[in-house]
Amino acid sequence: MKWDADTYTQEFPFVADYGRDVLGLLDAAPGERVLDLGCGNGVLTRALADAGCEACGVDLSPELLSVARAAHPDLAFFEADAADFALPHQVDAVFSNAALHWVSAQRQPAVARCVYRALVDGGRLAFECGGFGNNAPIHEALAGAFAARGLRYEMPFYFPTADYVRLRMRAVKRKHERER
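If you're wondering where the values come from, they're calculated on a predicted model, not measured in any experiment.

## Details of the environment of Glu79
Inspection of the secondary structure puts Glu79 in strand S3 (residues 76-79). The class of Glu79 is partly exposed, set by a relative accessible area of 48%. When the C-alpha atoms of Glu79 and Gly38 are compared, they prove to be 9.7 Å apart, with 41 residues separating the residues in sequence. In contact with Glu79, not counting residues within four places along its chain, are Asp59, Leu60, Pro62, Leu65 and Arg69.

In structure tokens, the structure reads:
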């Protein structure tokens, strides 16, 4: 997907505004290393840095990263896929706002593995993404419209239940511990 970074920055500031509540869940302490996964234009990466964290951002969009780097030249931003990234150092916490639902369900286990590898022992994850049933009537209508034309509609987003995410993260942790 190609993003219009200027339009996103100007027209969708509410995404970062909502993300500030998720930052509260993270409860990051000054001095902690924190990854903003799916950092977009870097607004929340900046908020983490302003709170005293050593913050860096990862995003797949070169367009959004260009805006982030221009607006926050003192912060580190890496272009990488959430399902295939490695950091130069581990972090105390991973934060993600309104990004992980853009990764397909099939690739979510790879996201979990990358996040787990990025975290120090005892590290934590705080994230927000669209939840189970999000926009269901829209996707049902799209599936119907595709079917009427003899096409198959594939849900492009990942809207899990909280229980599924908990189970997935526990499974990744157990697998990682066995591999040590």
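## Considering the pairing of strand S1 (residues 33-37)
Of all 5 residues in S1, 4 are buried, a share of seventy percent or more. Note: S1 against strand S2 (residues 54-59), 5 bridges, orientation parallel. The residue of S2 that forms the bridge with Arg33 is Glu54. On the question of chirality, the crossover connecting S1 to the parallel S2 by way of helix H3 (residues 43-50) is right-handed. When S1 meets strand S4 (residues 91-97), the two strands line up parallel, connected through 3 bridges. When the sheet's bridge partners are listed, Asp36 is paired in S4 with Phe95.

## A closer look at helix H4 (residues 62-71)
By the burial criterion, the buried members of H4 are Leu64, Leu65, Val67 and Ala68. Take H4 and look down its axis: the buried residues cluster within an arc of 160°, on one side only.

## Considerations on the side chain of Ser96
Mapped onto the elements of the fold, Ser96 is located in strand S4. There is a polar contact of 2.8 Å between the side chain of Ser96 and the backbone oxygen of Leu37. In contact with Ser96, other than residues within four places in its own chain, are Val22, Leu37, Ala126, Phe127 and Glu128.

## With respect to the environment of His72
Tracing the sequence through the fold places His72 in the loop between H4 and S3. The exposure class assigned to His72 is buried, which follows from its relative accessible area of 10%. Along the chain, His72 and Thr45 lie 27 residues apart, while their C-alpha atoms are 8.9 Å from each other. Among the polar contacts listed, one links the side chain of His72 to the side chain of Arg46, at a separation of 3.4 Å.

## What about unusual backbone geometry?
A negative phi holds for most residues other than glycine; trans holds for most peptide bonds. Even without being glycine, Asp27 reaches a positive phi, approximately 50°. In this fold, Asp27 is placed in the loop between helix H2 (13-26) and S1. One non-glycine residue, Ala98, lies in the positive phi region at around 55°. The residue Ala98 is located in the loop between S4 and helix H5 (108-118) in this model.

## A look at the sheet that holds strand S5 (residues 119-128)
Taking strand neighbours across the sheet as the criterion, the 5 strands line up as S3-S2-S1-S4-S5 in an open arrangement whose pairing is parallel. Strand pairing shows two members of the sheet lacking a second neighbour, S3 and S5, which therefore form its edges. Strand-to-strand twist across the sheet, computed as the mean angle between neighbouring axes with direction ignored, equals 20°. The sheet contacts of H4 involve S2 and S3, and relative to S3 the element is tilted by about 170°. Along the sheet, H5 makes contact with S1, S4 and S5, crossing S5 at roughly 135°.

Rules used in this analysis
Residues numbered from 1 in each chain as written. Predicted model: local features only at pLDDT ≥ 70, side-chain atom pairs only at ≥ 80, totals over all residues. Heavy atoms only, no water. Helix = DSSP H or I, 4+ residues; strand = E, 2+ residues; numbered from the N terminus. Buried < 20%, exposed > 50% of the residue type's maximum accessible area, 1.4 Å probe, protein only. Contact = heavy atoms within 4.5 Å. Pairing = 2+ DSSP bridges. Right-handed = clockwise from strand over helix to strand, strands pointing away. Arc of directions from axis to C-beta. Polar contact = N/O pair within 3.5 Å; in protein donor to acceptor, adjacent residues only side chain to side chain. Axes fitted to C-alpha atoms, helices over the stretch in contact; angles between N-to-C directions.

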